Amino acid sequence: PHDELRRQVGERVAIYGVIEDGVNRMAAAVPTIPLTRDMRYISASHELMRGNAAGKLALGADGIECYNFFCTDQAKIPGVISDYATLRDLHRLEALRGRPKHYAFSDQGSPFVQIPFERVPQVPVVLERGWIKAFTLPMCTEPRDRGLELVIQVVLKADDVVGELPVAFNGCWPRREHTASDRLLFPCGAFTHHAAANRGYEVKFPVSLVREGWNEITVENGGDRTITVVGIELAVRAGASSA
């Protein structure tokens, strides 16, 4: 919570946002090998790097430290290597605006959470029939003239029976139309798909709804069966009309 840290330490202390090399523990797959792992490597994806850095910079971080960046190269997975070119200007928020980004939530996969340096994970979470849940994460605003759109992917267990799944962003009217997908919003190196145990449901919004700093996604279980929100991921990417 870099904004909270800033209020505590004032303006004369430099705060750096740290990007670790693991996105979260939501499993992803390389169908061509085949291979499934319970961790993607952030440094293999310029979209994940940009989204992670943008959220921290939007909260007031003075710079970005990439921790364990090189571990991606040591994983020795075909098609998964660190994208060193992305390090250029990664600390400059204005250089990140208008470029494709992949935002992701941390989850409960770690054995412990390092309070106060990490926020308590918000996923996974179980939603009974009619339950609604709000999730928050930091993002940066985007220019409105680049043909970009916001895609929110709610990832559920593959065997969940999905009925209505209203999703809202920053208090807008909930959208009920979704598209099921077994693919990640962006490839992460050779990782292109969700593990067979999970399935994504995508809802689109105008990028103009994105706020500088904290943003809120609400997900409602409008079906008759209990569902499990394994994860929530967001893409800022070119819209269909500009692709």
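A few points on the structure. Within any chain, residue numbers begin from 1 and follow the written order of that chain's sequence. Confidence filtering applies because this is a predicted model: local features only for residues at pLDDT of at least 70, side-chain atom pairs given and counted only at 80 or more, and all residues used for totals across whole chains, interfaces and linings. Only hydrogens and water are set aside; all other atoms, that is, all heavy atoms of the structure, feed into the side-chain values.

**Quick notes on the overall build of the protein**
Stage number 1. The way it works is that DSSP assigns letters per residue, a run of H or I at least four long becomes a helix, a run of E at least two long becomes a strand, and they are numbered from the N terminus. Within the protein, the regular secondary structure consists of 4 helices and 15 strands.
Stage number 2. By its C-alpha atoms, the protein is 55 × 40 × 40 Å across when sized along the principal axes.
Stage number 3. When burial is assessed residue by residue, the protein has 49% of its 243 residues classed as buried.
Stage number 4. Residue contacts are defined here by distance: any two heavy atoms, one from each residue, within 4.5 Å place the two residues in contact. Sequence separation of at least 24 residues holds for 77% of the intrachain contacts in the protein that already meet a minimum separation of 6. Throughout this description, buried means an accessible area under 20% of the type-specific maximum (1.4 Å probe, protein chains only), exposed means over 50%, and partly exposed covers the range between.

**Considerations on the sheet that holds strand E14 (residues 213–220)**
Stage number 1. Two strands qualify as a pair provided DSSP detects at least 2 bridges between them. Strand order in this open sheet of 3 strands is E7-E14-E9, and the pairing throughout is antiparallel. Two strands close off the open sheet at either side, each with one partner strand: strand E7 (132–139) and strand E9 (167–169). This sheet shows a mean twist of 20° between the axes of neighbouring strands, independent of strand direction.
Stage number 2. Of the pairings in the sheet, the one linking E9 to E14 comprises 3 bridges and is antiparallel in character. For Val-167, the partnering residue across the bridge sits in E14 and is Val-219. Helix axes use the C-alpha atoms of the stretch in contact, all axes being lines fitted to C-alpha atoms, and the angles between their N-to-C directions lie in the range 0 to 180 degrees.

**What to know about the state of the cysteines**
Stage number 1. Whenever a pair of cysteine sulfur atoms sits within 2.5 Å, that pair is classed as a disulfide. Scanning all chains against the criterion turns up 0 disulfides.
Stage number 2. Sulfur of Cys-66: no disulfide; nearest cysteine sulfur belongs to Cys-71 and is 12 Å away.
Stage number 3. Cys-66 gets classed as partly exposed once you look at its relative accessible area, which sits at 26%.

**Some remarks on the packing of aromatic side chains**
Stage number 1. Only rings of Phe, Tyr and Trp enter the pairing, Trp through its six-membered ring, and a pair is recorded when the two centres are within 6.5 Å. The plane angle decides the type: under 30 degrees is stacked, over 60 is edge-to-face, the rest tilted. In total, this model carries 3 aromatic pairs according to the counting rule given.
Stage number 2. Between Phe-69 and Tyr-84, the aromatic rings sit 5.0 Å apart at their centres with planes inclined by 65°, giving edge-to-face as the arrangement. Of this pair, Phe-69 sits in the loop between strand E4 (63–66) and helix H3 (71–74) while Tyr-84 is found in the loop between H3 and helix H4 (93–96), placing the two residues 15 residues apart along the sequence.
Stage number 3. A residue is classified by how much of its surface remains accessible, and Phe-69, at 8% relative accessible area, is buried.
Stage number 4. Given the relative accessible area of 45%, Tyr-84 is considered partly exposed.
Stage number 5. Judged by centre distance (6.2 Å) and plane angle (75°), the ring pair of Phe-105 and Phe-135 falls under edge-to-face. Taken together, the residues span a long stretch of sequence, with Phe-105 in the loop between strand E5 (101–104) and strand E6 (125–127) and Phe-135 in strand E7 at a distance of 30 residues. Grouping residues by exposure puts Phe-105 and Phe-135 together as buried.

**Structural notes on the pairing of E14**
Stage number 1. Where E7 and E14 come together, 8 bridges link them in antiparallel fashion. Paired with Phe-135 across the two strands is Ile-217, which belongs to E14.

**Details of the sheet that holds strand E3 (residues 35–37)**
Stage number 1. The sheet built from 4 strands is open, its strands ordered E3-E2-E12-E11 with antiparallel pairing. Each edge of the sheet is formed by a strand with only one pairing partner; in this case those strands are E3 and strand E11 (183–188). When the angles between neighbouring strand axes are averaged without regard to direction, this sheet yields 30°.
Stage number 2. Pairing geometry for strand E2 (residues 28–30) and strand E12 (residues 191–194), over 2 bridges, is antiparallel. Opposite Ala-28, over in E12, you have His-194 as the bridge partner.

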